[in-house]
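Each chain, letter by letter, is given below.
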Amino acid sequence: MSAEEEACIVAASYQSFGSKTVVELWLRAREGHSTLLLVHGLRPFLEIAVRGSSTDLPDDIDERLEKVRNVKDVTLIHDPVDKWTDKGTKPHWKVEVRQPYNVPKIRETLRGYDWKVSSADIIFPQRLLLELDLGPHIAWKGELLPSDGDAIQDAGGRGLYPTNRVARCNIEDLRSIDAFAAPLITFSFDLETSIESGHILCAAAVIQQNGKSETHTFRGDERKMLEDLTRLVRDSDPDIITGYNIDNFDLPKIKERMEELEDGNDKLSRAILAGWGRVPVTEEACKGGRRGAPIIPNRQQNRKWTLTGRCVMDAWWEARMTLRPKRETLKFVSELLFPDREELRKMDVDSSRMDEEWAARPDVVLEYCAQDALLPIEILDAISATARKEALAAVGKVPLETAIIGTTSQWVDSLVIRLADRENIAVPMTRRGGKSDAITGGYVHEVKGGREEWIAILDFKSMYPSIMISNNICYTTRVDNDYTSTEVHQSPSGTKFLKKEIREGLVPRLLEDLMGQRDHHKAMMKGATDDSKRLFHDQMQFAVKILMNTFYGVFASAFYRFTHQDIGSAITAWARSNIKKIISDLEEEGHPVVYSDTDSIFVSSPEEGKEALVNFGHELANRFTKEGAELEFEKGLSVFFSHGAKKRYVGRVVWPEEDLLIRGYEVRRTDSFDLLNKTMMGTFERILDGDEEGAYQHVISLIRSVKAGEADVADLILSRSCKGKVLKDGTVDFSVYSNPDGLPYVQAAKKRIARGLPFTPGMKVSYIVTAAKGVDGRQTVEPWLVAETGDAPPVPDWSFYAERLARAMGRITEVYGWSKKDLLLGSRQQTFDFF
DNA sequence: CCAATCGCCTAT
DNA sequence: TAAGATAGGCGATTGG
């Protein structure tokens, strides 16, 4: 039966089919159902060219090609096509191979035969998107297949997929469509486990689509729970699997218990217990799927979890990246996001005494578990995590999965390679190994300690992308230093790039296109009549911004396929040169530059008052903007303060909106403590208002009360990320650190673990310093467990906190002659200058 | 008391 | 192996 559909590509893989290869696309259709689409007609290949820079073909070219033809699993050699390489334009032969997994071996064989190999490390399913210029949102027409494993295998599939539909089509039947928000299904789950035995006590799952959700709970026999949970995953067929800290806890636990409970004689028992992958239950899939399509959740050495056909998105990680919370427990994040929704936190269970809790009140524990399965869904919704990933996928033209777990170089590859292919640019391999020297980065201007009034902040709009566009910077336009011509842009670092009249770079074109897209979405946002449209375009324009900013990083990296060591240096050299020129021009004109960092300049206004400041800011922006380097008047400050350290300042914004601007200081940092933050905020307010006397008196009185032990201990919590590796037996290995015992937060983590609480590698650990110098001469700390176990707060080392307050605040008040020591003593010491 | 080092976190 | 970049501040420990 023929069918047509519009859908979003959630994930992609491939399947060998006799001598052919079929791409598998897991789709979520606009109407809401899931489809597994088998796409026929794409052939795996790599490309070869003669080594070196000579354009003449060697005499024995026919014999050499014949030798390639005879390599095992090579199926066809196409006629040569001239392609650009950094060694000149040369004929390239497209070499088709039997299956994508043959490529690595054939690549090495052909290298051994002295060929230059290109386009030889591109993930096969991604090739489909590159060749057809598809993004994740597609329309296809093809044939629906009956729910019959044999019929599906005859069409090139693996068997009965757990999707609503299975269909087949040819590559000609796919086309790109405008991005839309697909009705993705999210599956969130949570496990409660025994501390004593490590067994799963109960589980809960919440399934959500189109804002509607349903909850399921599981208790009883552990094997049955795993089976039921797995059945629910397969029946509800979610696109996204989430939960709080599932990467480090729940998914490893599922796998661990599955391995313990599997029946070695029954090859399919692994799939029955943990077959969450979107593939049929087969013995091969249970073995791990030789073709990289296992049915069991899979994690390679320290990397993200993968699950064939679905996306794993940890709500903890997304919340951490988006919100940067000072603490990272589920409870803390939930209070941060939903302060008024007490119903989300009504259940409370002491997880350090889970066995007793489970014995005493299993119903409560189960309800608590269900609550913790719902919260990740609420969190992802609150931060629009899924929509943002889908927008990023649309802009980067990658499957949703690549937007979620992929790397920035994969996004850039997706755009650059498809353009390179169209323009006959050979695609080099990813450079591997060998670290190169770090390049010089942005320029940061010295800042004097003190207070300044009426400051205009100007900055370059999209500085690095603009530099890349205006100087036509690209892998394909860089020429060697001995290239003498006026038709080049030469960076202050010496590197030369051809002008676009000679050869237009791929990257500048892509960046210009992205800038255009951003303008488009911004315009659509403005014109949108309903909220969901406006939100959609906001997410799209933001995704474009993210992607544009990743270009510089990728091209400045040592390993990216389309870059060269000199490219990153050239970009930053131009940036430094631009900004320094403006600084010196301004200084020469008599306009003092108070501060500058990379692409921003803080200039002192010649006249007092907001109106004069705004005019001055606009005037400077106009005057210093030139082709390819647009300077914008970003903010006007009535007052600016720094204690004299780069990247640390505070200011009162009066234009365009009234606001307080703080950068770098402890109040911005997640490893500071609330009492310091409050003190510093109070001090900043006073300093900005010109009340210096009030500023240090305020600090002195606070320090005095801390010395006397008069502060809320909850305001003294310190929090830092802690690494570590959870071993098979449940112990944690901290040997990633050269001296783990010398780190306070490792001590806090160890004490958490000893107390029976979970430790999750990479998560922040909260603690109180109880002795600045303990028995071993090092700091003694106690973990903060009040919220989790109801433990009483630890007794702080008050003099330590007084000291730290004085040190941090002293740096600031020092500007006015009040040192750390003075703050601690409460009065200014007489200073004698004898000489 | 110091400089060197490790480690985290931030600015851009 | 897998991989966006560098500049910079600061806290704690270590070793003299």
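Coordinates for the structure precede this section.
Residues numbered from 1 in each chain as written. Chains lettered and ligands numbered in written order. Predicted model: local features only at pLDDT ≥ 70, side-chain atom pairs only at ≥ 80, totals over all residues. Heavy atoms only, no water.

Draft legend 1. Examining the protein's contact with DNA strand B more closely. The immediate surroundings of DNA strand B are formed by 19 residues, with Arg 324, Asp 599, Arg 668, Tyr 737 and Ser 738 found nearest. At the protein interface, 91% of the atoms of DNA strand B within 4 Å belong to sugar or phosphate. Between a phosphate oxygen of DNA strand B and a main-chain N or O atom of Ser 721, the distance comes to 2.9 Å. In terms of residue class, the surface near DNA strand B is built from 3 nonpolar, 5 polar and 11 charged. (Near = heavy atom within 4 Å. Polar contact = N/O pair within 3.5 Å; in protein donor to acceptor, adjacent residues only side chain to side chain. Nonpolar A, V, L, I, M, F, W, Y, C, P; charged D, E, K, R; others polar.)

Draft legend 2. View of the sheet that holds strand β26 (residues 649-655). Here we have 6 strands laid out as an open sheet, ordered β23-β24-β19-β25-β26-β27, and antiparallel in their pairing. Both outer strands of the open sheet, β23 (593-597) and β27 (659-663), are each paired with one neighbouring strand and no more. Across this sheet, the average inter-strand angle for adjacent strands is 30°, counted without regard to direction. Two strands pair when backbone bridges link them, and β26 and β27 are joined in this way by 5 bridges, in the antiparallel orientation. (Pairing = 2+ DSSP bridges. Helix = DSSP H or I, 4+ residues; strand = E, 2+ residues; numbered from the N terminus. Axes fitted to C-alpha atoms, helices over the stretch in contact; angles between N-to-C directions.)

Draft legend 3. Seen up close, the packing of helix α21 (residues 674-688) against helix α22 (residues 692-707). Following both chains from N to C, one finds α21 and α22 inclined at 160°, their axes separated by 8 Å at the closest point. Considering their axes alone, α21 and α22 lie roughly antiparallel with respect to each other. For the crossing formed where α21 meets α22, the hand is right-handed. In this structure, α21 uses Leu 675, Thr 679, Gly 682, Thr 683, Arg 686 and Ile 687 to contact α22, whose residues at the interface are Gly 694, Ala 695, His 698, Val 699, Leu 702 and Val 706. Class assignment of the residues belonging to the contact of α21 with α22 gives a composition of 6 nonpolar, 5 polar and 1 charged. (Parallel < 35°, antiparallel > 145°, perpendicular 65-115°, else oblique. Left-handed = near helix turned anticlockwise from the far one by under 90°. Contact = heavy atoms within 4.5 Å.)

Draft legend 4. The arrangement of the protein's contact with DNA strand C in detail. Near DNA strand C you find 33 residues, and of these Gly 441, Phe 559, Lys 646, Gly 742 and Gln 779 are the closest. Measuring from a sugar or linking oxygen of DNA strand C, one finds a side-chain N or O atom of Arg 648 at 3.5 Å. Take Arg 807: an N or O atom from its side chain is 3.1 Å from a sugar or linking oxygen of DNA strand C. At the level of secondary structure, the elements contributing two or more residues to the surface near DNA strand C comprise α15 (408-422), α18 (531-555) and α25 (798-813). In terms of residue count, the dominant contributor to the surface near DNA strand C is α25 (4 residues). Per-class residue counts for the surface near DNA strand C are 8 nonpolar, 14 polar and 11 charged.

Draft legend 5. Geometry of the state of the cysteines. One pass over the structure, following the stated rule, counts 0 disulfides. For the unlinked cysteine Cys 8, the closest cysteine sulfur is that of Cys 311, found at 8.5 Å. (Disulfide = S-S within 2.5 Å.)

Draft legend 6. Main features of the pattern of salt bridges. What the rule picks out here adds up to 61 salt bridges. One salt bridge connects Lys 750 with Asp 741, and the closest N-O pair in it is separated by 3.0 Å. According to the relative accessible area criterion, Lys 750 is partly exposed, its value standing at 37%. (Salt bridge = Lys/Arg side-chain N within 4 Å of Asp/Glu carboxyl O. Buried < 20%, exposed > 50% of the residue type's maximum accessible area, 1.4 Å probe, protein only.)

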